[in-house]
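Take a look at the letters that make up each chain.
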Amino acid sequence: MNEQNTTGYKRVLAEISKTRDVFTELDDFFRKSDDDISHDPDDLREGIGRLPGLGRLMFLIPCVINRLEEDIPQMQEGEDVALIIEGLQTIQKGIQGVLTYYLQDNVEDTLNLLGNVLSKIGKLSGKKTQSGVRVFRDIARIAPDFQIIFGMLEGFQGNRKIMPKEPEINTAWSPECWLDYYREQARLEEPLIAVVDAEGLSEANLEKGFQRMMEESAQRDKMMEKQFITYTMMRNRDAAFSTEYPEGFLDLSEIPDITDREDDDDCDYEVRAIDLRYGEEEEETSEPWASSLPELCNWNKTTPESSFDDSGLCRQDFEDDPVYCLLNPFMHSLFECLKQQDNHQNKQGKSGESETRSPLEHYVIILALKAQVRISSCGVLAEDLGHDAPRKGVYLFAMECLERIDEAAKRFPRKHLCHLAAEARNIKKQIERILTEDV
């Protein structure tokens, strides 16, 4: 080996050492976390959760490093050492990106790091060495697992943007505080409501909010497509990977597709009925030695047949809520009038003129649904907190939604929506009476 090759050999070995150190840092993090969890009696987890794809990388990255170390002596004179070092640094940055997520819970920085990693891997994956060093092919093989992690975190980031922050559980929260919280939830979840709240109720703002809603819906559809692609990739890679022989995964010429069986309907399955009527089951015959224990005999004598009262575990059915009972017929009436409007347009041959409902119709539907959905979930909060502030807050929110429906129906008269204004005012008055009676 000449002097030039010796220098390149040493540089690659030094970078391999750095890569091992970074990987050891990640491995030690998981070992320590799992150890801390196992020694904490209050932590019910079996260990720290790993992102999809990361479990496989924990096996494959050491294989990539070891194989490169084996291949270095084969490097020919003039071999592109700089590219090999760049490949190792790319792996290091990928590992550091994962650590950034776990140590700092910083999704944005992790995505930036992994995005750069995937971009560099894309450039390196087509490289070939004269001596057949396998590192570039190996890096290309592990890249999809970094892509799986990237896609998962991208989904986390998207969800965090639209999910409202949960309020701190505080018994001092008033109904008005809960009303503010429900308002903020509605603005964060619904662009149509957010635009109207910020810029006022007008035809132009309804159209603007509707367009933003459609854009976000299209983005969610794209995200779902990405998730499906990621799921398919994960399934194929899971099927081809073995923890007993991870190196074999790197040597595969390609990852085969796992196809679903089309003849599943023709397969014979054994179906057995399971009796879930526990109260009518025959008791198992006790062992003679167990019956002879004095402690057990005394327990059986003093313990009533059923000392467990589960009545406290039952939550109130939200469909019994008085305000929900008022809103439910209103929702049916709303959808019925929209259905009749569709039928009317179909009879007049106008069904092809508008493929979607108008921004006004969407606005009214969302307001009605938001009020109903909040009521269906507020009972759990009220029971957990031990007071009715969340429930009263959602009643105030429902009144506000009805007031907005009334305003929209009067400001933009539409024949099929005109009756909603009177119905909304009537229900709002009834909710006011319910709140007055509860005081």
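Overview of the structure. (Residues numbered from 1 in each chain as written. Predicted model: local features only at pLDDT ≥ 70, side-chain atom pairs only at ≥ 80, totals over all residues. Heavy atoms only, no water.)

**Structural notes on the packing of helix H6 (residues 175-189) against helix H7 (residues 191-199)**
Orientation of H6 relative to H7, taken along the N-to-C sense of each, is 115°, at an axis distance of 5 Å. As judged from the angle between their axes, H6 and H7 are roughly perpendicular. For the pair H6 and H7, the contacting residues are Ala186, Arg187 and Glu189 in the first and Pro191, Ile193, Ala194 and Asp197 in the second. In terms of residue class, the contact of H6 with H7 is made up of four nonpolar, no polar and three charged. (Axes fitted to C-alpha atoms, helices over the stretch in contact; angles between N-to-C directions. Helix = DSSP H or I, 4+ residues; strand = E, 2+ residues; numbered from the N terminus. Parallel < 35°, antiparallel > 145°, perpendicular 65-115°, else oblique. Contact = heavy atoms within 4.5 Å. Nonpolar A, V, L, I, M, F, W, Y, C, P; charged D, E, K, R; others polar.)

**Quick word on the environment of Lys428**
Structurally, the position occupied by Lys428 is in helix H15 (residues 418-438). With relative accessibility at 22%, the residue Lys428 sits in the partly exposed group. Each C-alpha atom of the pair Lys428 and Cys401 lies 9.2 Å from the other, and the pair is 27 residues apart in sequence. Setting aside residues up to four positions removed in sequence, Lys428 forms contacts with Met399, Leu402 and Glu403. (Buried < 20%, exposed > 50% of the residue type's maximum accessible area, 1.4 Å probe, protein only.)

**Looking at the packing of H6 against helix H14 (residues 389-411)**
At their nearest, the axes of H6 and H14 sit 7 Å apart, and the two run at 55° to each other. Compared by their axis directions, H6 and H14 come out oblique. Relative to H14, H6 is oriented so that their crossing is right-handed. Residues Pro175, Glu176, Trp178, Leu179, Tyr182, Arg183 and Ala186 of H6 pack against Ala389, Pro390, Lys392, Gly393, Val394, Leu396, Phe397 and Glu400 of H14. A breakdown of the residues in the contact of H6 with H14 according to their chemical character gives 10 nonpolar, one polar and four charged. (Left-handed = near helix turned anticlockwise from the far one by under 90°.)

**So, the pattern of salt bridges**
Applying the stated criterion to the full structure yields 32 salt bridges. Note that Lys208 is salt-bridged to Glu199, the shortest N-O span being 2.8 Å. We classify Lys208 as partly exposed; its relative accessible area is 36%. With a relative accessible area of 41%, Glu199 lands in the partly exposed category. Salt-bridge contacts for Glu407 lead to Arg411; the nearest nitrogen and oxygen are separated by 2.9 Å. Pair noted here: Glu407 and Arg411 are both in helix H14, with a separation of four residues, about one helical turn. Each of the salt bridges in this network shares a partner with another, and the network as a whole consists of Asp180, Arg183, Glu184, Arg187, Asp197, Glu400 and Arg404. (Salt bridge = Lys/Arg side-chain N within 4 Å of Asp/Glu carboxyl O.)

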